[in-house]
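Report on the structure
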Amino acid sequence: MKRIIFCSCFLLSSYLIISCGNGNTNQDSIDSAKKMNDKKDTSSASAMANDSTASMQAAPVDKDDADFAVDAANGGMMEVTLGRLAQQNAASQRVKDFGTMMVNDHTALGNKLKTLAANENISLPATLGNDAQKEVNDLSKKSGKDFDKAYMNMMLDDHKTDIKDFQKAAAACKDPGLKNFALQSLPTLQVHLDSAIAITGKK
C-alpha cells in the first residue's frame, strides 16, 4: 500500500514539474534569440582567452551585429506576413500588388540572412516577436479601404526606419557578410519606400 501511494505521489510530482516547465510559452522570440547570441559571445570570448587555437576556429559573435541580424529577420518576417494579409484583405489592386512585392522581396532577403546567420553562428528568431505579432493581429482585423490606409501608412513608416537601420548597419557592422547584406538590401528597401510614397501620396 505504501509503495502504491509513493508511486502515485511521484507521478503527480513529475506531472506538476512538466506542466510548470511548459507553462511559459509567451516569451518574446526576439529576446530569446538575442540572449542566445549573447551567450555565444561570452562563451566564444572565454574559449579564445583560454585556448590560443580557438581564434582560428570561431570568433565571438559581435553583439551589435547579432542584434541587427535578429531585428532584420523579425522585420522581414513581419513584412512577409503583412504582405500576404494585403493580398487577401486589400481593396486596391495597387495595394495587393505591393503586398506581393513584399512577400517576394522580403522572402528572398530573409533566405539570404538565414544562410549568412548560419555561417556566422548567429541565432535568428523562428517566429515573430510579440510587438510585431501584435501589429499583425491589429491589422488582420481590418479589411477593404480601412486596411489599405492602415497598411500603407505602416509600410511608409516601417521602410523609413528600415532604411536608417540598414544604413547604420552598412557603416558599422564588423562582420563583412552582414555589412554587405545591409548594403545590398538598401536598393530594394528604397524601392519599397518609393512605392509606399507613391501609393499613399505622403513623404
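Residues numbered from 1 in each chain as written. Predicted model: local features only at pLDDT ≥ 70, side-chain atom pairs only at ≥ 80, totals over all residues. Heavy atoms only, no water.

**With respect to the overall build of the protein chain**
A tally of helices and strands in the protein chain yields 7 helices and 0 strands. Going from the N terminus to the C terminus, the protein chain shows its helices and strands as α-α-α-α-α-α-α. Looking at the 203 residues of the protein chain, the share that counts as buried comes to 35%. The contacts of the protein chain with a sequence gap of at least 6 include a subset with a gap of at least 24, amounting to 74%. Summed over all atoms, the accessible surface of the protein chain reaches about 12200 Å², with 56% contributed by carbon and sulfur. (Helix = DSSP H or I, 4+ residues; strand = E, 2+ residues; numbered from the N terminus. Buried < 20%, exposed > 50% of the residue type's maximum accessible area, 1.4 Å probe, protein only. Contact = heavy atoms within 4.5 Å. Areas by Shrake-Rupley, 256 points an atom, 1.4 Å probe, with all protein chains shown as cover.)

**Focus: unusual backbone geometry**
Phi angles above zero are rare outside glycine, and Asn-121 is one such case at about 60°. What makes Asn-121 partly exposed here is its relative accessible area of 45%.

**Details of the confidence of the model for the protein chain**
Averaged over all residues, the pLDDT of the protein chain equals 85, while 77% of them reach at least 70. Segment residues 2–25: pLDDT under 50, and 0 contacts once partners within four positions in sequence are set aside and those in other chains are kept. (pLDDT = per-residue confidence, 0-100.)

**Some words on the pattern of salt bridges**
A side chain of one charge can pair with a side chain of the opposite charge when the charged atoms of the two come close. Enumeration according to the criterion identifies 5 salt bridges in this entry. Asp-67 is the partner of Lys-63 in a salt bridge, and the nearest nitrogen-oxygen pair spans 3.3 Å. Taken together, the residues span about one helical turn, with Lys-63 and Asp-67 both in helix α3 (residues 63–89) at a distance of 4 residues. What makes Asp-67 buried here is its relative accessible area of 14%. Of the charged contacts, one joins Asp-138 and Lys-134 as a salt bridge, the two residues approaching to 3.0 Å between their closest N and O atoms. Pair noted here: Asp-138 and Lys-134 are both in helix α5 (residues 130–140), with a separation of 4 residues, about one helical turn. (Salt bridge = Lys/Arg side-chain N within 4 Å of Asp/Glu carboxyl O.)

**Quick word on the nonpolar core**
Counting residues in hydrophobic clusters, the biggest one holds 41 residues, and the most contacted among them are Phe-68, Leu-82, Tyr-151, Met-155, Phe-166 and Leu-178. Counting residues per element, the ones that place at least two in this core are α3, α4 (93–120), α5, α6 (144–172) and α7 (176–200). Of the residues forming this core, the biggest block, 10 residues, is contributed by α6. Sequence-distant contacts of Tyr-151, defined by excluding residues within four places in its chain, comprise Leu-82, Gly-83, Ala-86, Val-95, Phe-98, Gly-99, Met-102 and Leu-139. (Core = buried A, V, L, I, M, F, W, Y, C linked by side-chain atoms within 4.5 Å.)

**Overview of the environment of Lys-160**
By secondary structure assignment, the location of Lys-160 is in helix α6. Through-space distance from the C-alpha of Lys-160 to that of Gln-190 is 8.6 Å; in sequence the pair is 30 residues apart. Leaving out residues up to four positions away in the same chain, Lys-160 has contacts with Leu-193 and Lys-203.

**Considerations on the side chain of Asp-158**
Tracing the chain through its elements places Asp-158 in helix α6. Here Asp-158 occupies a buried position and makes no salt bridge, while the nearest side chain of opposite charge, Lys-160, is found at 11 Å. Look past the residues within four positions of Asp-158 in its chain and what remains in contact with it is Met-78 and Glu-79. (Lys, Arg positive; Asp, Glu negative; His and termini not counted.)

**Description of the environment of Thr-127**
The topology assignment puts Thr-127 in the loop between α4 and α5. Through-space distance from the C-alpha of Thr-127 to that of Met-78 is 9.4 Å; in sequence the pair is 49 residues apart. Ignoring sequence-local partners within four residues, the contact set of Thr-127 consists of Ser-29, Asn-74 and Met-77.

**Brief notes about the packing of aromatic side chains**
All told, the structure shown has 4 aromatic pairs when counted by the stated rule. Ring centres 5.1 Å apart and planes at 75° place the aromatic pair Phe-68 and Phe-166 in the edge-to-face group. Highlighted residues: Phe-68 in helix α3 and Phe-166 in helix α6, separated in sequence by 98 residues. When its relative accessible area of 9% is taken as the criterion, Phe-166 is described as buried. When the centroid spacing of 5.4 Å and the interplanar angle of 15° are considered together, the rings of Phe-147 and Tyr-151 count as stacked. With Phe-147 and Tyr-151 both in helix α6, this residue pair falls 4 residues apart, about one helical turn. As far as burial versus exposure is concerned, Phe-147 and Tyr-151 are alike and both buried. Members of the aromatic cluster, joined through ring pairs, are Phe-68, Phe-166 and Phe-181. (Phe/Tyr/Trp six-rings, centres within 6.5 Å; stacked < 30°, edge-to-face > 60°.)

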